[in-house]
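Observations on the model geometry
Spelled out from the first residue to the last, the chains are:
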Amino acid sequence: MRFLKVLFWLLLGGLVAGFVIYNGDERVNVHLWSGLIADFSLPLLLILVFLAGLLPVLLAYHALRWRMRQRITGLERALNDLRALNAMPEPVPASVPASPQPALPLGDVQ
């Protein structure tokens, strides 16, 4: 599986490198507010736009993953506590000892 992951990233890197080499000298004018014009390289602009779209989704994914991991940890802790309670033997009720009768001497009969 790791091989396929590495192969995928190498192919993606090769595609990006080929795009940059082929379109490296292309310039794009981006019209901003108040008549400002920004002059960007096409590959740089596309990479920036890709990252601007990827990063918020990636952050949301990692936040969700962290939250689920915390939730699972809490549930596992609660489950272990319940297992520990069930594994403990039930306490044996202590029998109340009968109050001892005072011993009467043999000569005293009532």
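As a reminder, the structure under discussion sits directly above these lines.
Residues numbered from 1 in each chain as written. Predicted model: local features only at pLDDT ≥ 70, side-chain atom pairs only at ≥ 80, totals over all residues. Heavy atoms only, no water.

1. Structural notes on the overall build of the protein chain
A tally of regular secondary structure across the protein chain gives two helices and two strands. Along the protein chain, from the amino end to the carboxyl end, the secondary structure elements read α-β-β-α. In the protein chain, buried positions account for 5% of the 110 residues. Sequence separation of at least 24 residues holds for 10% of the intrachain contacts in the protein chain that already meet a minimum separation of 6. Carbon and sulfur atoms form 70% of the exposed surface of the protein chain, whose accessible area is close to 10,600 Å². (Helix = DSSP H or I, 4+ residues; strand = E, 2+ residues; numbered from the N terminus. Buried < 20%, exposed > 50% of the residue type's maximum accessible area, 1.4 Å probe, protein only. Contact = heavy atoms within 4.5 Å. Areas by Shrake-Rupley, 256 points an atom, 1.4 Å probe, with all protein chains shown as cover.)

2. Concerning the pairing of strand E1 (residues 27–31)
Across five bridges, the pairing between E1 and strand E2 (residues 37–41) is antiparallel. Note that in E2 the partner of His31 across the bridge is Ile37. Turn length for the E1-E2 hairpin, with the two strands adjacent in sequence and antiparallel, is five residues, and the turn residue Ser34 shows positive phi of about 55 degrees. (Pairing = 2+ DSSP bridges.)

3. Some details on the packing of aromatic side chains
On inspection of all chains with the given rule, the structure shows one aromatic pair. Seen in terms of ring centroids, Phe8 and Trp9 are 5.2 Å apart; in terms of plane orientation they differ by 70 degrees. Their pairing is edge-to-face. Given a relative accessible area of 53%, Trp9 falls into the exposed group. (Phe/Tyr/Trp six-rings, centres within 6.5 Å; stacked < 30°, edge-to-face > 60°.)

4. Observations concerning the side chain of Ser41
Inspection of the secondary structure puts Ser41 in strand E2. When its relative accessible area of 15% is taken as the criterion, Ser41 is described as buried. If near-sequence neighbours (up to four positions away) are discounted, Ser41 is found in contact with Gly24, Glu26 and Arg27.

5. Some thoughts on the packing of helix H1 (residues 2–23) against helix H2 (residues 42–87)
In the contact formed by H1 and H2, the axes pass within 8 Å of each other and the chain directions differ by 145 degrees. On the side of H1, the interface is formed by Val16, Phe19, Val20 and Asn23, while H2 contributes Leu42, Pro43, Leu46 and Ile47. (Axes fitted to C-alpha atoms, helices over the stretch in contact; angles between N-to-C directions.)

6. Concerning unusual backbone geometry
Where the residue is not glycine, phi is negative for most of them; where a peptide bond is considered, it is trans in most cases. Even without being a glycine, Ser34 presents a positive backbone phi close to 55 degrees. With respect to the helices and strands, Ser34 occurs in the loop between E1 and E2. For Ser34, a relative accessible area of 72% corresponds to the exposed category.

7. Details of the side chain of Asn23
By the secondary structure assignment, Asn23 is in helix H1. Apart from residues no more than four positions distant in its own chain, Asn23 is found in contact with Leu42 and Pro43.

So yeah, pure geometry; function would need other evidence.
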